[in-house]
Amino acid sequence: MTGTPAGPPPAARGVIGLDAAACTSCMLCVRECPDWCIELESHQEQVSEPGARRPRTVNVLDRFAIDWARCMYCGICVEVCPFDALAWSPEHRYAGAAPGDLVHDTARLGGWWPTGS
Amino acid sequence: MTGPETVLAAAVGDGLRHDPRSVPEAYDVPPAAWHEAVAALRAAGFTYLDFLTGVDRPDEAAVEVVAHLAAPDDRWRHLLLRTRTDAAAPGLASVADLHLGAAWHERETREMFGVEFAGGDPRPLLLTVAAPVPPLRKHALLTARGVVPWPGAADPADGPGGNPSRRRVRAPGVPEGWPRGEGS
């Protein structure tokens, strides 16, 4: 246990969670990150809407990954995301045995999305 | 105990500036008055040097030197003493004669910012080979930033289903062609 006897405070910068459904692959977090620790792979697809004359182009997220070994927990990515797809969580138990264990991809980052109050 | 502002005004004269926005309290002195300022504060009870370091201020063509001092007998009242040295030839008197621990801080500030401390210990502290540009100066570029691919270069429009219509974005702070182009 760290912090208070009840654990770290809710606003503690333990880890960053991803809401992949909210992510539009706009690349703002990737480009603003001072450590270059975010990787985002995506592609575009044409979506036809009934009644629309032309299909519209949408970004589709393929892979979102953060390397915690490089991250400096500044929170610029969380602040800059226009769609609130990134959020702080006080979870902090994710030490790994090898540096590669500290690269978390889309699913694992989704698991860190903060729940509760 | 006499307040630091009074003590510094007596030692430094007109060149003293108090920064009212700073927490902890901060005082700016001219570089020529650095040693007198530190000596006057030490005599007034600020006998604890917490750190001494540099701040690169390229917009002012200056390298700022900051010392964090505290008075253990005045409930650890603490302050920042600051000065601006000329970026072209940053130099200041050493205060290692007043605070023995300043020697290490000055050695690190010398090798990381290029500030010469007259009368101080000239040995590097951490770097085994002197860097061509002091590493913590803002114009010192990292080779890694030129050879590691920037993740921000990727774009959803680059793939087969894509509709690329935007101009390319370059990594902020990395000059064109670095490390072999400009800036190298």
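Residues numbered from 1 in each chain as written. Chains lettered and ligands numbered in written order. Predicted model: local features only at pLDDT ≥ 70, side-chain atom pairs only at ≥ 80, totals over all residues. Heavy atoms only, no water.

Let's talk about the sheet that holds strand E2 (residues 38-47) of chain A
Residues and elements named next belong to chain A.
1) Next: Within the open sheet, the 3 strands sit side by side as E2-E3-E5. Their pairing is antiparallel. The open sheet has two free edges, formed respectively by E2 and strand E5 (103-104), since each of these has just one partner strand.
2) Next: Sheet topology note: the strand E3 (residues 56-67)/E5 ladder contains 2 bridges and is antiparallel. When the bridges of E5 are listed, Asp67 appears paired with Val103. (Pairing = 2+ DSSP bridges. Helix = DSSP H or I, 4+ residues; strand = E, 2+ residues; numbered from the N terminus.)

Observations concerning the side chain of Ser94 of chain B
Residue and element names in this part refer to chain B.
1) Next: Considering the arrangement of structural elements, one finds Ser94 in the loop between strand E6 (91-93) and helix H3 (102-113).
2) Next: From its side chain, Ser94 meets the backbone nitrogen of Ala96 in a polar contact 3.1 Å long.
3) Next: At 2.7 Å, the side chain of Ser94 and the side chain of Glu106 are in polar contact.
4) Next: Contacts of Ser94, omitting those with residues within four sequence positions, involve His35, Glu106, Phe117, Ala118, Gly119 and Gly120. (Polar contact = N/O pair within 3.5 Å; in protein donor to acceptor, adjacent residues only side chain to side chain. Contact = heavy atoms within 4.5 Å.)

Observations regarding unusual backbone geometry
1) Next: At the junction of Val23 of chain B and Pro24 of chain B, the peptide bond is cis and its omega measures out at 0 degrees in the coordinates.
2) Next: The amide bond that connects Trp178 of chain B to the next residue, Pro179 of chain B, takes the cis arrangement and shows omega of 10 degrees.
3) Next: By the secondary structure assignment, Pro179 of chain B is in the segment after helix H4 (143-147).
4) Next: In the Ramachandran plot, Tyr73 of chain A falls in the positive-phi region, its phi being about 60 degrees despite a non-glycine side chain.
5) Next: If you trace the backbone, Tyr73 of chain A turns up in the loop between E3 and helix H2 (76-80).

Thoughts on the interface of chain A and chain B
1) Next: Listed by partner, the interface residues are 16 residues for chain A and 18 residues for chain B.
2) Next: Of the roughly 1,300 Å² buried between chain A and chain B, counting both surfaces, carbon and sulfur atoms make up 56%.
3) Next: Run the count over chain A and chain B and you get 1 salt bridge.
4) Next: For Arg31 of chain A, the salt bridge identified is with Asp155 of chain B, shortest N-O distance 3.3 Å.
5) Next: For the interface between chain A and chain B, the tally reads 5 residue pairs in polar contact (both at pLDDT 80 or more).
6) Next: Sorting the residues of the side of chain A that touches chain B by element identifies helix H1 (28-32), E2 and E3 of chain A as the ones contributing at least two each.
7) Next: Considering every element that reaches the side of chain A that touches chain B, the biggest residue donor is E2 of chain A, with 7 residues.
8) Next: By residue class, the composition of the side of chain A that touches chain B is 6 nonpolar, 7 polar and 3 charged. (Buried area = accessible area lost by both parts, 1.4 Å probe. Salt bridge = Lys/Arg side-chain N within 4 Å of Asp/Glu carboxyl O. Nonpolar A, V, L, I, M, F, W, Y, C, P; charged D, E, K, R; others polar.)

Thoughts on the sheet that holds strand E4 (residues 62-71) of chain B
Residue and element names in this part refer to chain B.
1) Next: The 5 strands are arranged E1-E2-E5-E4-E3 in an open sheet whose pairing can be described as mixed. Edge positions in the sheet fall to strand E1 (17-19) and strand E3 (48-57), since each has one partner strand and no second. The mean inter-strand angle of the sheet, taken between neighbouring strand axes irrespective of direction, is 25 degrees.
2) Next: In terms of strand pairing, E3 meets E4 through 9 bridges, oriented antiparallel. Across the sheet, Asp56 pairs through a bridge with Val63, a residue of E4.
3) Next: Relative to strand E2 (residues 25-28), helix H1 (residues 4-12) is tilted by about 5 degrees, and along the sheet it contacts E1, E2 and strand E5 (77-86).
4) Next: Along the sheet, helix H2 (residues 34-43) makes contact with E3, E4 and E5, crossing E5 at roughly 175 degrees. (Axes fitted to C-alpha atoms, helices over the stretch in contact; angles between N-to-C directions.)

Observations regarding the pattern of salt bridges
Residues and elements named next belong to chain B.
1) Next: The final tally for this structure, using the stated rule, is 18 salt bridges over all chains.
2) Next: A salt bridge links Arg77 to Glu25, with the shortest nitrogen-to-oxygen separation between them at 2.7 Å. Pair noted here: Arg77 is in strand E5 and Glu25 is in strand E2, with a separation of 52 residues, a long-range link.
3) Next: Two residues, Glu60 and Arg84, come together in a salt bridge whose shortest N-O distance is 2.0 Å. With Glu60 in the loop between E3 and E4 and Arg84 in strand E5, the pair connects residues that are 24 residues apart, well separated along the chain.
4) Next: Residue class for Glu60 comes out partly exposed when judged on its relative accessible area of 42%. (Buried < 20%, exposed > 50% of the residue type's maximum accessible area, 1.4 Å probe, protein only.)

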